[in-house]
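An overview of the molecular structure
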Amino acid sequence: MSSSLFPVILAGGKGERFWPLSRKDRPKQFLSLDGSSRSLLQATADRLLTISSSWDNLWVITSSQIAEGVRQQLPELPSQNLLIESQGRDTAAAVAWTSLEIQKRYGEDAIIGFFPSDHWIADQKAFVNTLSAATQLAASTEAIVTLGIKPTFPSTGYGYIEQGEKIGSFNDLPAYHVNRFTEKPNRETAETFLSTGRFSWNSGMFVFRAGVVLKELYTHAPEIIEPLAQQGPDIYPQLPKQSIDYALMEKTNLAYVLPVEFGWDDLGDWNALERLLKKAENPNVELATHVGLDTHGAIVYASNPEDVVVTIGLEDVVIVRDRNVTLIVNKERTQEIKQILKTLADDPRFTELL
């Protein structure tokens, strides 16, 4: 049985909450948000190449709208390892199609890992050790292994995983059967979860054998896997739009969790920059030329280094200047950027801004 891992990068998302920097022609995964020269997609590939050992074993699934951008960002990726969805149908279809393709090429015992393209991870060594543990578990057990992030605060923006019976340790990391998945809770529920010590954040990273996940998809999501297996990706536009959590993880009895700590953030919106880049000596996070008076807790970003952002008397705001758009939003309302994009999409004067 194979003990090597075939990593797959899920690179089809839009990242609308990073608008106006993230747009249709430049989605979030193509951006560098940490001040480095590497985009989120490139940084994810860099991490996973240390595990796959070569580009031949690394896969990417993305949408037709940004496939050319993926090729430009990852020119070393073999063309046969880039799967292009004609229409985005969420992560269940992406996992099903990629698993079918890897099974065809490498057999049902091939171990596959799925990784979103927009995560930040601090400790590469701990990350590699975790994936080695997940691979061992997937190789030895009929298991769909999810990486659970040990929570550091009662987040209402993440899903949670409750651990059940301990089934062993791998690379000194305890593994547990999953009791249940819970979608984004309210604050009180999140605080209760943390107090028990039994809950992890759902990272959206999974490891399993191809044959195991396909068997479970046939059981729990036949409306997705059967058309794909019979007709191939041409059927994509007709598939239901479902997340892998909803279609499979909340239903299967083969879910296991490794609660891990390697410094993680899913970079969901502009507030993530504060978590990554905030320095005690600076009252603001500045990725721009910023001149501020009585301004505190601001996140300031400008894509053009020649642009100057001047603020007076502001607190807890996000200011983003990109091309012909300036966004100013209270930090507590960045989730509502999606709503304003719908308003812009309905007005022909603004569709070019999307």
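Everything below is about the structure printed above this text.
Residues numbered from 1 in each chain as written. Predicted model: local features only at pLDDT ≥ 70, side-chain atom pairs only at ≥ 80, totals over all residues. Heavy atoms only, no water.

Before going further, it helps to examine the packing of aromatic side chains. Under the defined criterion, the tally for this structure stands at 13 aromatic pairs. Through a chain of ring-to-ring contacts, three or more aromatic side chains come together here, namely Phe153, Tyr158, Trp201 and Trp264. Its end group placed over the ring of Phe127, Arg47 keeps NZ or CZ at 5.9 Å from the ring centre. Lying across the ring of Tyr246, Lys251 places its NZ or CZ 5.0 Å from the centre. (Phe/Tyr/Trp six-rings, centres within 6.5 Å; stacked < 30°, edge-to-face > 60°. Lys NZ or Arg CZ within 6 Å of the ring centre and 35° of its normal.)

Now for the pattern of salt bridges. Applying the stated criterion across every chain, the model contains 19 salt bridges. Here Arg23 makes a salt bridge to Asp322, at a shortest N to O gap of 3.1 Å. You can see Arg23 sitting in the loop between β1 (5–10) and α1 (40–52) and its partner Asp322 sitting in strand β16 (residues 317–322), a full 299 residues away along the chain. On the accessibility criterion, Asp322 (0% relative accessible area) is buried. Residue Arg323 is joined to Asp25 by a salt bridge in which the shortest nitrogen-to-oxygen separation is 3.8 Å. (Salt bridge = Lys/Arg side-chain N within 4 Å of Asp/Glu carboxyl O. Helix = DSSP H or I, 4+ residues; strand = E, 2+ residues; numbered from the N terminus. Buried < 20%, exposed > 50% of the residue type's maximum accessible area, 1.4 Å probe, protein only.)

Okay, the side chain of Gln42 next. Looking at where Gln42 falls in the secondary structure, it is placed in helix α1. Given the relative accessible area of 12%, Gln42 is considered buried. A distance of 3.0 Å separates a polar side-chain atom of Gln42 from the backbone nitrogen of Ser39. In contact with Gln42, not counting residues within four places along its chain, are Ser37, Gln73 and Leu74. (Polar contact = N/O pair within 3.5 Å; in protein donor to acceptor, adjacent residues only side chain to side chain. Contact = heavy atoms within 4.5 Å.)

Bridge analysis of strand β7 (residues 160–170) against strand β9 (residues 199–209) gives 3 bridges, and the strand direction is antiparallel. Counted as the bridge partner of Glu162 is Phe199 from β9. Pairing of β7 with strand β8 (residues 173–182) involves 8 bridges; the strand directions are antiparallel. Note on β8: the bridge partner recorded for Lys166 is Tyr176. Hairpin connection, β7 to β8: the antiparallel pair is bridged by 2 residues, and Asn171 has positive phi, about 50 degrees. (Pairing = 2+ DSSP bridges.)

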